[in-house]
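Chain by chain, the residues:
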Amino acid sequence: MVLTLLRHAYLLPFCLLSAVLGAIWGSFLGVIIDRLPAMIVADGCADKNLFYPPSHCTHCQHTLRWWQNIPLLSWLLLRGQCAHCRQPIPLLWFLLEALSALFFAATVWVFPQPQAWLALWLLWSALLPLAVIDARHMLLPDCLTLPLLWCGLLLNLRGGWLSLQDAVVGAAAGYVFLWLLYWGYRLLRGREGIGQGDLKLVAAFGAWLGWQVLPQLLLFAAFLAILLFLLPRRDAAAAQPFGPSLCIAGGGIFILHSLLFIF
Ligand SMILES: [Zn+2]
């Protein structure tokens, strides 16, 4: 009991530092979520990238001063409104920073190994933008899914979470299974039932979780997708993205595996 309290007292400064890092990183993930879809549509011809133009109000184009751009604090100080035109700043940007701060601090609090922090932060950095971008635009960008797949293989290069063999077979099996579903549905119904991005995301999860976990991942994700489908929506007939459900299911299973692996 005393040892546990001592360990947690020792971890407290690291948790606070991680929360600050998480809030700053969450702010950058917000920029990715906001700008990446338009950059992909413009195919390199966009007049903006992740770093230009500097942060500004999307209503009045007013460039933010440094004190209007501090993660979490600025949104609270400005009461969620632009200081120039008083139009609302979406709550989503504040939530991304707050959730990232909480997640970064919680990983340091729960997991004793720095390699677990890095793996979980890496996974968070890909899954959060993927889930939000897919929910808003029905798009899972290759520049996020493919590095996620490579990171999963590299993480298990020396048997980090599972054997390299299980990770490679997992990536291939995840892709091939969804590919068969994709073409089966397309041949039967004459239209796409699953997005191409979902194939790559499941392959990435195969690399992170191993082939043995793929049935649980797909069942859990399908169950979440049905729950989300039952929620009231603006356009009930519109296609529903599968990415957010996959991200929640895959991220949740990886956290659970890490807890079982470490404790
Ligand atoms: Zn404004």
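Quick caveat, the model's predicted, so the values are computed rather than measured. (Residues numbered from 1 in each chain as written. Predicted model: local features only at pLDDT ≥ 70, side-chain atom pairs only at ≥ 80, totals over all residues. Heavy atoms only, no water.)

Caption draft 1: Examining the domain arrangement of the protein more closely. Taken as a whole, the protein is organised into domain 1 (1-110) and domain 2 (114-263). Inter-centroid distance (C-alpha atoms) of domain 1 to domain 2 is 24 Å. Domain 1 puts 19 residues into the contact, and the matching count from domain 2 is 18 residues. Across the domain 1 to domain 2 interface the summed buried area is about 1700 Å²; carbon plus sulfur atoms make up 84%. Connecting domain 1 to domain 2 are three residue pairs in polar contact (both at pLDDT 80 or more). (Domains from an automatic or database assignment. Contact = heavy atoms within 4.5 Å. Buried area = accessible area lost by both parts, 1.4 Å probe. Polar contact = N/O pair within 3.5 Å; in protein donor to acceptor, adjacent residues only side chain to side chain.)

Caption draft 2: Seen up close, the coordination of the zinc ion. Here the zinc ion is held by the protein donor atoms Cys-57 (SG), Cys-60 (SG), Cys-82 (SG) and Cys-85 (SG), which lie 2.2 to 2.3 Å from it. The sequence motif formed by the donor residues of the zinc ion is C-x2-C-x21-C-x2-C. Look at Cys-85 and you get partly exposed, because its relative accessible area is 25%. (Donors = N, O, S within 2.8 Å, 3.2 Å for Na, K, Ca; no water. Buried < 20%, exposed > 50% of the residue type's maximum accessible area, 1.4 Å probe, protein only.)

Caption draft 3: Fine view of the nonpolar core. One finds Leu-148, Leu-201 and Leu-246 to be the most contacted residues of the largest nonpolar core, which totals 61 residues. Those elements that place two or more of their residues in this core are helix H1 (2-42), helix H3 (91-110), helix H4 (114-137), helix H5 (142-155), helix H6 (164-189), helix H7 (196-209), helix H8 (214-230) and helix H9 (243-262). Take this core: its biggest share by element is 14 residues, from H4. When residues of this core are sorted by domain, at least three fall in each of domain 1 (1-110) and domain 2 (114-263). (Core = buried A, V, L, I, M, F, W, Y, C linked by side-chain atoms within 4.5 Å. Helix = DSSP H or I, 4+ residues; strand = E, 2+ residues; numbered from the N terminus.)

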